[in-house]
Amino acid sequence: MSAGDDLENQMMTTKHHRGIGSRGGDQDGFGPSPRPVVPLVYSEFGDDDELSPQWKSWLIPMFVVANVIVFVIVMFVNNCPKNSESHYPNQHCVARFLGRFSFEHLRNNPLFGPSSLTLEMLGSLDWYRVVEKHQAWRLLTCIWLHAGVIHLATNMLSIVFIGTRLEQQFGFVRIGLIYVISGMGGSILSSLFIRNGISVGASGALFGLLGSMLSELLTNWTIYSNKIAALLTLMVVIVINLAIGILPYVDNFAHVGGFLTGFLLGFLLLARPQIKWFSRKHMSQDRRTSKYKPYQYILWLLSLALLIVGFVVALMLLFRGEDGNDHCHWCRYMRCVPTSGWSCDSV
């Protein structure tokens, strides 16, 4: 719906059956809301502070505050007692003592949050509106919306545990760029493969941070003392979190898109100078030492090329109306794998 649509009138439309995607959760229901598991990520460079710079983390806390403020605004606009109970008298709002901030009936939203109609109005990811209505801004706004208190809490805990350490190690500029660009990367890939339902949440951005951890470890491989243990820990965390994405109603395309974007950005933004380069100012010889190793320059160039090509091609396909499922028939299994315990027919 457009921003000017009347929310009260929309509650009567046939779209009431559409669920809220929670990154995960992308259509006819509120699925689980998996968040990246927090690994033991870094070993320190050593005693030299120059080799392990520390910044004060302020951007990650600001992201958390911003997400909470946005959620409060969404609940204010949602106004369950007026917009839901007036049309569905048998579906009472949850926590009515909160007034207009009370939650939708759990049958409509088990995550304790607003209606899908409110999220649509305020900027959730919706292929039809992004492509047909030319509302490309939804690729960015959807990562600041959350389907409910549970969704918001798990996301914010993850960003604090994962993002704070990254920001302390690499600064707010680089980590902020990884977070936002990865979130958009996840939104683009999700829009290419999911055409029905809406999706919200910061999982793409969070998986981008996780992907950047892996590429940071690989590009700075020679300076780690426990590199094998760190690599195995990260791989286990990544596999577990991506595997959760095959559950029904989980937007695993946002996870994968965010992860791949963050992985490439990690090579671009998180490479550390080699130790010999730091020692030049303490030594009179060997002043021709390169700041980075040759393989770091190669990875930088390859990542930059892949990132540019990937975004350009994906955006072209998206706004030409291409359906990614037509070009990748097996990709549907990234979104949901049918088992005896659940069906993927409605996903």
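Scroll up for the structure.
Given the structure is predicted, the values throughout are model-derived calculations rather than measurements.

Caption draft 1: Summary view of the overall build of the protein chain. Scanning the protein chain from N- to C-terminus turns up 14 helices and two strands. When the 347 residues of the protein chain are sorted by exposure, 50% land in the buried category. Intrachain contacts of the protein chain at a sequence separation of at least 6 include 77% that bridge at least 24 residues. When the accessible surface of the protein chain is split by element, carbon and sulfur atoms take 68% of a total near 15,800 Å².

Caption draft 2: Local environment of the environment of Ser199. On the secondary structure map, Ser199 appears in strand E2 (residues 198-199). Considering only alpha carbons, one finds Ser199 and Ile143, 56 residues apart in sequence, at a separation of 8.9 Å.

Caption draft 3: Quick peek at the packing of helix H2 (residues 59-78) against helix H7 (residues 149-170). Close contact between H2 and H7 brings their axes to 8 Å; oriented N to C, the two are set at 165 degrees. By the angle between their axes, H2 is roughly antiparallel relative to H7. Here H2 and H7 pass one another in a crossing that is right-handed. For the pair H2 and H7, contact is made by Leu59, Ile60, Pro61, Phe63, Val64, Asn67, Val68 and Phe71 and by Val149, Leu152, Met156, Ile159, Val160, Gly163, Thr164 and Glu167, respectively.

Caption draft 4: View of helix H9 (residues 203-219). For H9, spanning 17 residues, the distance from its first C-alpha to its last is 24 Å, which sits close to the expected 24 Å at 1.5 Å a residue. Within H9, 16 of the 17 residues are buried, leaving the element largely enclosed by the surrounding structure.

Caption draft 5: A look at the pattern of salt bridges. Counted under the stated rule, the structure contains five salt bridges. Here the salt bridges do not stand alone but share partners, grouping Glu120, Asp126 and Arg129 into one network.

Reading the values: rules and limits
- Think of each chain on its own: its residues are numbered from 1, step by step along the sequence as written.
- Residues qualify for local features only when their pLDDT is at least 70, as the model is predicted, and side-chain atom pairs are given and counted only at 80 or more; totals for whole chains, interfaces and linings, by contrast, use all residues.
- Hydrogens and water molecules were not included; the side-chain quantities draw on all heavy atoms of the structure.
- Strands are runs of DSSP state E lasting at least 2 residues, helices are runs of H or I lasting at least 4, and numbering of each runs from the N terminus.
- Each residue gets one of three labels from its accessible area relative to the maximum for its type: buried under 20%, exposed over 50%, partly exposed in between, using a 1.4 Å probe on protein chains only.
- When checking whether two residues touch, look at their non-hydrogen atoms; a contact exists if any pair is within 4.5 Å.
- Note that accessible areas follow from Shrake-Rupley with a 1.4 Å probe, and for residues the cover is restricted to the protein chains shown.
- Axis angles are defined between N-to-C directions and span 0 to 180 degrees, where every axis is a line fitted to C-alpha atoms and, for a helix, only to the segment in contact.
- Angles are sorted into four bins: roughly parallel if under 35 degrees, roughly antiparallel if over 145, roughly perpendicular if 65 to 115, and oblique for all others.
- Working rule for handedness: look at the near helix, and if it is turned counterclockwise from the far one by less than a right angle, call the crossing left-handed; if clockwise, right-handed.
- Each helix should span, by expectation, one fewer than its residue count multiplied by 1.5 Å.
- Salt bridges are defined by distance alone: a side-chain nitrogen of Lys or Arg within 4 Å of a carboxyl oxygen of Asp or Glu.

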